[in-house]
Amino acid sequence: MNDTYLYLIIALLPLTAGMLVTQTNPYHALVIRGVLGAVAAMVDAVLGAADVALTEALMGTMLSITLYAIAVRSSLVLRLGVMEDQSIEKNQDGNFQQLMSDFRRIFKKHYLRLELVPYTTKENLQQALIEKEIHATCAPLEKFVEAEETYQTVIRVQRIYNIIKSELSSPKTGLRYFNVLDSGEQNL
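Residues numbered from 1 in each chain as written. Predicted model: local features only at pLDDT ≥ 70, side-chain atom pairs only at ≥ 80, totals over all residues. Heavy atoms only, no water.

Concerning the pairing of strand β1 (residues 77-83)
Within β1, six of the seven residues are buried, leaving the element largely enclosed by the surrounding structure. Two elements, β1 and strand β2 (residues 113-119), share seven bridges in a ladder whose sense is parallel. Within β2, the residue paired with M83 across the bridge is Y119. Note that β1 and strand β3 (residues 136-140) share three bridges and pair parallel. Within β3, the position partnered with L80 by the bridge is A136. (Buried < 20%, exposed > 50% of the residue type's maximum accessible area, 1.4 Å probe, protein only. Helix = DSSP H or I, 4+ residues; strand = E, 2+ residues; numbered from the N terminus. Pairing = 2+ DSSP bridges.)

Observations concerning helix α1 (residues 4-21)
Along an α-helix, residues three or four positions apart point the same way, because every turn accommodates 3.6 residues. With 18 residues, α1 should reach 26 Å at 1.5 Å per residue; the first-to-last C-alpha distance of 27 Å fits that figure. The complete set of buried residues in α1 reads L6, I9 and T16. Buried residues along α1 sit against α2 (26-46). (Expected span 1.5 Å × (residues − 1). Contact = heavy atoms within 4.5 Å.)

Quick word on the packing of α2 against helix α3 (residues 50-75)
Running from N to C, α2 and α3 point in directions that differ by 175°, and their axes come no closer than 8 Å. Taken as axis vectors, α2 and α3 run roughly antiparallel relative to one another. Across the interface between the two elements, P26, Y27, L30, R33, G34, G37, A38, A40, A41, D44 and A45 from α2 touch V52, A53, E56, A57, G60, T61, S64, I65, Y68, A69, V72 and R73 from α3. Each residue belonging to the contact of α2 with α3 can be placed in one class, and the counts come to 14 nonpolar, five polar and four charged. (Axes fitted to C-alpha atoms, helices over the stretch in contact; angles between N-to-C directions. Parallel < 35°, antiparallel > 145°, perpendicular 65-115°, else oblique. Nonpolar A, V, L, I, M, F, W, Y, C, P; charged D, E, K, R; others polar.)

Side note on helix α5 (residues 122-130)
Turning to α5, its buried residues number three or more, namely L125, A128 and L129. Seen from one end, α5 has its buried residues packed into an arc of 100°, which puts them on one side. Elements in contact with the buried residues of α5: β1, β2, β3 and β4 (151-155). Note on α5: the residue one or two positions beyond its end, K132, has a positive phi of about 65°. (Arc of directions from axis to C-beta.)

So, the sheet that holds β3
Overall, mixed pairing links the five strands, which are arranged β2-β1-β3-β4-β5 in an open sheet. With one partner strand each, in any of the chains shown, β2 and β5 (173-177) form the two edges of the open sheet. Taken pair by pair, the neighbouring strands of this sheet meet at an average axis angle of 25°, ignoring direction. Set on the sheet, helix α4 (residues 95-109) makes contact with β1, β2, β3, β4 and β5; between it and β2 the angle comes to about 140°. Contacting β1, β4 and β5, helix α6 (residues 158-167) runs over the sheet at an angle of about 150° to β5.

Below you can see the structure in the form of structure tokens.
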């Protein structure tokens, strides 16, 4: 009996697994994970384990992909706290609009979605950062440090701070890293 087709199907397992672990886009990884589950189900069916193939098709492919998609979608949101009166429509000089478009461009490369969360006072904004309701704040400076800086961005997630620091070309904001563990000693 010629089992060449079986060897070809089985060879797809490590190939698909290798493609899965090298993906940087989480949505592409979800699709490849579905393909890996389908190939594993096909191998089980060809080898005569119909019950294992059915379980792999239902649990390993459909259910896990659905749960992973929900987890990936909810974890790829960056919540940026802003002042309530600070909006793209109300900002006449365009600095805020330019800064937000720069942030969106940077985060899009890292598959993050930017969500603006408005707060009424700077105290509420600071408290939200301390209580981890938001990942970062962007508030207008009361006294301009330099002529170009009009906003202060404070970030509590080290990885996001490093990304923005290395990729932000706009000098419209001053960047600071805020360690929530040291929040009693540090002042925003």
